[in-house]
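Architecture at a glance
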Amino acid sequence: MPRWSQPVAWQPPKDAAGPGELASSATSWAGGYDKRPTAPVELAKARKHVRRASTYFAVIGGISVGWGTLAELFDWTAVQGLFNWFSAGEGAIFLAIAYFARGGSMTAIVIGAALYCLDTLALLFAGYFSIVRVLIIAVLIRAVLAANLLRQQRKAASAPDQSRAA
């Protein structure tokens, strides 16, 4: 009978890592995201996303305050369905969020993104849909992730290095 027709069992190489070594390697690989150093390029991109989000919050707040105030003061009934004192107050909140988001506050960015999502849902249920709002939500979600990266980096930089202590 020819040799090629017989099944051959696979044999691992002699210098392969053992099960214990693989388990420790997998553990360090799976949980090592907060331990690895972040590249300066990643940090610069994260700061850029946070600044962009704060700019969006400032623009949204400025538009809401401006149009809401003008619509109520000059009694523009055509735009009072969208802009009124409520939207002016919401715009003031967005301006405050923009101030704190510019400083890199993750809490402010999360609150601002959640408030914008809720505002978008309210407008959607009122019958207004805008793809621009969906794109802004995508940018804000990216900013939340970037702010989380910056927060982890600040926490890692402020924590004492345990490897040199021993």
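Residues numbered from 1 in each chain as written. Predicted model: local features only at pLDDT ≥ 70, side-chain atom pairs only at ≥ 80, totals over all residues. Heavy atoms only, no water.

1. Remarks on the overall build of the protein chain
In terms of helices and strands, the protein chain carries five helices and zero strands. Walking the protein chain from its N terminus toward its C terminus, one meets helices and strands in the order α-α-α-α-α. Residues classed as buried in the protein chain amount to 23% of the 166 residues present. When the accessible area of the protein chain is evaluated, it comes to approximately 11900 Å², of which 67% is carbon and sulfur surface. (Helix = DSSP H or I, 4+ residues; strand = E, 2+ residues; numbered from the N terminus. Buried < 20%, exposed > 50% of the residue type's maximum accessible area, 1.4 Å probe, protein only. Areas by Shrake-Rupley, 256 points an atom, 1.4 Å probe, with all protein chains shown as cover.)

2. Digging into helix 4 (residues 106–125)
Along an α-helix, residues three or four positions apart point the same way, because every turn accommodates 3.6 residues. With 20 residues, helix 4 ought to run about 28 Å at 1.5 Å a step, and its terminal C-alpha atoms sit 29 Å apart, in line with that. Within two residues after helix 4, Gly 127 carries a phi angle of roughly 105°, on the positive side. (Expected span 1.5 Å × (residues − 1).)

3. Points about unusual backbone geometry
Although it is not a glycine, Asp 75 adopts a positive phi angle of roughly 55°. As for its placement among the helices and strands, Asp 75 is situated in the loop between helix 2 (40–73) and helix 3 (85–102).

4. Digging into the packing of helix 2 against helix 3
Their axes nearest at 7 Å, the elements helix 2 and helix 3 cross at an angle of 155°. Classed by the angle they form, the pair helix 2 and helix 3 counts as roughly antiparallel. Helix 3 is crossed by helix 2, and the crossing has left-handed handedness. (Axes fitted to C-alpha atoms, helices over the stretch in contact; angles between N-to-C directions. Parallel < 35°, antiparallel > 145°, perpendicular 65-115°, else oblique. Left-handed = near helix turned anticlockwise from the far one by under 90°.)

5. Things to note about helix 2
With 34 residues, helix 2 should cover 50 Å at 1.5 Å per step; its first-to-last C-alpha distance of 49 Å lies within 8% of that length. Along helix 2, the residues classified as buried are Leu 43, Ala 46, His 49, Val 50, Ala 53, Ser 54, Phe 57, Ile 60, Gly 61, Ser 64, Gly 68 and Ala 71. Buried-residue contacts for helix 2 involve helix 3, helix 4 and helix 5 (131–158). Directly after helix 2, the chain includes Asp 75, whose backbone phi takes a positive value near 55°. (Contact = heavy atoms within 4.5 Å.)

6. Side note on the confidence of the model for the protein chain
Confidence in the prediction of the protein chain, expressed as mean pLDDT, is 83, and 79% of residues score 70 or more. Per-element averaging of pLDDT across the protein chain places helix 1 (residues 19–30) at the bottom with 56 and helix 3 at the top with 94. (pLDDT = per-residue confidence, 0-100.)

7. A closer look at the nonpolar core
Core analysis: the biggest nonpolar cluster contains 21 residues, and Val 50, Phe 57, Ile 109, Tyr 116 and Leu 140 have the highest contact counts within it. If we ignore the near neighbours within four places in the chain, the residues touching Tyr 116 are Ile 60, Phe 94, Arg 133, Ile 136, Ile 137 and Leu 140. (Core = buried A, V, L, I, M, F, W, Y, C linked by side-chain atoms within 4.5 Å.)

8. So, the side chain of Thr 120
Within the secondary structure, Thr 120 sits in helix 4. Of the polar contacts made by the side chain of Thr 120, one reaches the side chain of Arg 133; its length is 3.0 Å. Among all residues touching Thr 120, those that are not within four sequence positions of it are Arg 133 and Ile 137. (Polar contact = N/O pair within 3.5 Å; in protein donor to acceptor, adjacent residues only side chain to side chain.)

9. Observations concerning the pattern of salt bridges
Tallying each qualifying case throughout the model produces one salt bridge. Asp 119 serves as the salt-bridge partner of Arg 133, at 3.1 Å between the closest nitrogen and oxygen. Residue Arg 133 is located in helix 5, and its partner Asp 119 is located in helix 4; the two are separated by 14 residues in the primary sequence. (Salt bridge = Lys/Arg side-chain N within 4 Å of Asp/Glu carboxyl O.)

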